[in-house]
Each structure stands twice: as C-alpha cells, then as structure tokens.
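Take a look at the letters that make up each chain.
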Amino acid sequence: MQDADNKSAQGDFERAVNLYEAALDDSPRGAEVHNKLALLYDDKLNDPVSALHHFKRYLALSPNGPHAKDVKDSIKRDEIAALTALSGDSVITRAEAARLRNENLTLHKEIEERAASRTALQKLEGSDSRKAGPKRAGQTYVVQSGDTLVSISRKFYKSPKRWKAILEANKKSIHDPKDLTVGQALVIP
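So, about the overall build of the protein chain. Helix and strand counts for the protein chain come out as eight helices and two strands. Ordered by position in the sequence, the α and β elements of the protein chain form the string α-α-α-α-α-α-β-α-α-β. When each of the 189 residues of the protein chain is scored for burial, the buried share is 29%. Relative to all contacts within the protein chain whose residues are 6 or more apart in sequence, the contacts with residues 24 or more apart total 47%. Carbon together with sulfur atoms contributes 53% to the accessible area of the protein chain, which is approximately 12800 Å² in total.

Shown next, in the form of structure tokens:
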C-alpha cells in the first residue's frame, strides 16, 4: 500500500491502481484500499463507474468506517455523473418524464383534431365549389383560444368591421358567432 501511495503522489495513477488492487482483501484494511481506489478513479481518472464500485465495496466492508459519510456523499454524486454520461447529459426526473409524455399525448390529440377539421373543411369547400361554380378560394384559419370573429377580422383585415363577412363565409360551421370552437377551421374570404 505504501508503494501505491507513493505512485499516486507521483502522478502514476495507473501503477497506483495496480498496486492498490494487489493489496485488496476482505479485511478492514481492504476497505481502506477500496476507498483509496475509489478516490483515484473519482478524482484523477474521471471514471465514476469504477469509483462507484469501490465506494460500495468500502461501505460493504466498513459500513461505519471513518470515511462512511464522505463515501455516501460521493456515491450520490457519482451516480448522477454516471447517469448523465450514459444519457448524453440529459438526466430528468420521472415526474418530468411523465409530464412531458402527457404533454406529448395532448399535442398529438390536438394535431389529429386539427387535421380532421381541415379534412372536413376541404370536403365542404370541395362540395361548395362544385355547386357554386368557379370561385376564388379564401384562406383557412384555425380558431385559437380566446379568438372572436372581431379579433380574427382584425388579424386578417387590420379592421374589426369585416367579421360579418367571415361569419357569412362560414355560416354552415358557425352555429353561434359568440361561441367559436378552438381548433375549428374557418374560411377567411
């Protein structure tokens, strides 16, 4: 162990690791060797996985040893470092993963609903154009939360006064002009 300590002090960490490993046994002295190996792997060789192994062996051999508190703190830190390295620097909690999964499902539903309303609108426009003959097709707008016919008129015409034209162009799909449905597709004439 003394040779390993000397090699570590000289910066020859590979040789120090080999000498410490040769000195390992299941005695309390072996616990100290595991602690020194863990510190070498942790501080000098930047290998949190190997450090974790030796920190855990230290605790198994000497659960109440003089370094137990520091070793437990190092284990927590190294577990996070190992997970971060293995996950490409993107460790998230289970709660955050569940929140993101739920948000993703909600967004997929919204996309499907919008696609369905667009398809219905296109079919409606197709049947209207066959009946009415050639007509200039208007823009399509999907109603957002808080939209009114007046606010949509402002958005497209820079004036609130054209809301009646929007209502007239969408009279088949707007039942109550004061109550638009979020996700509803409107034709803007």
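Turning next to the pattern of salt bridges. Under the definition given, this model contains seven salt bridges. Here Lys56 and Glu79 are joined by a salt bridge, their closest N and O atoms 3.6 Å apart. One end of the pair, Lys56, is in helix 4 (residues 48-61); the other, Glu79, is in helix 5 (residues 68-86), and 23 residues separate them in sequence. With a relative accessible area of 33%, Glu79 lands in the partly exposed category. With its nearest N and O atoms 2.8 Å apart, the salt bridge here joins Glu103 to Arg99. Of the two residues, Glu103 and Arg99 are both situated in helix 6 (residues 94-132); the distance of four residues between them amounts to about one turn of the helix. Exposure remark for Glu103: the relative accessible area of 38% places this residue in the partly exposed category.

Inspection of the entire model under this criterion finds one aromatic pair. Residue placement shows Arg162 over the ring face of Tyr157; its charged tip is 3.9 Å from the ring centre.

Okay, the nonpolar core next. A general tendency of soluble globular proteins is for nonpolar side chains to be buried together. If you look at the biggest cluster of nonpolar residues, it comprises 22 residues, and the most contacted ones within it are Tyr20, Leu37, Leu40, Phe55, Leu59, Val71 and Ile75. Those elements that place two or more of their residues in this core are helix 2 (13-22), helix 3 (28-44), helix 4 and helix 5. Ranked by residue count, the leading element in this core is helix 3, at six residues. Residue contacts for Tyr20: discarding those within four places in its chain leaves Met1, Ala4, Asp5, Ser8, Val33, Lys36, Leu37 and Leu40.

This part takes up the pairing of strand 2 (residues 185-188). A two-sided burial pattern is seen for strand 2, the buried positions comprising Ala185 and Val187 on one face and Leu186 and Ile188 on the other. Where strand 1 (residues 139-142) meets strand 2, four bridges bridge the pair, whose relative direction is antiparallel. Bridging across to strand 2, Val142 finds its partner in Ala185.

Turning to the confidence of the model for the protein chain, a few remarks are in order. This prediction gives the protein chain a mean pLDDT of 84; 89% of its residues lie at or above 70. Here residues 129-136 scores under 50 on pLDDT; set against residues more than four positions off or in separate chains, the count is zero contacts.

Moving on, we get to the side chain of Gln184. Tracing the backbone shows Gln184 in the loop between helix 8 (163-169) and strand 2. Here Ser173 takes part through its backbone oxygen, which lies 2.9 Å from a polar atom of the side chain of Gln184. Other than its neighbours up to four places away in sequence, Gln184 contacts Tyr141, Val142, Val143, Ser173 and Ile174.

About the cut-offs
Residues numbered from 1 in each chain as written. Predicted model: local features only at pLDDT ≥ 70, side-chain atom pairs only at ≥ 80, totals over all residues. Heavy atoms only, no water. Helix = DSSP H or I, 4+ residues; strand = E, 2+ residues; numbered from the N terminus. Buried < 20%, exposed > 50% of the residue type's maximum accessible area, 1.4 Å probe, protein only. Contact = heavy atoms within 4.5 Å. Areas by Shrake-Rupley, 256 points an atom, 1.4 Å probe, with all protein chains shown as cover. Salt bridge = Lys/Arg side-chain N within 4 Å of Asp/Glu carboxyl O. Phe/Tyr/Trp six-rings, centres within 6.5 Å; stacked < 30°, edge-to-face > 60°. Lys NZ or Arg CZ within 6 Å of the ring centre and 35° of its normal. Core = buried A, V, L, I, M, F, W, Y, C linked by side-chain atoms within 4.5 Å. Pairing = 2+ DSSP bridges. pLDDT = per-residue confidence, 0-100. Polar contact = N/O pair within 3.5 Å; in protein donor to acceptor, adjacent residues only side chain to side chain.

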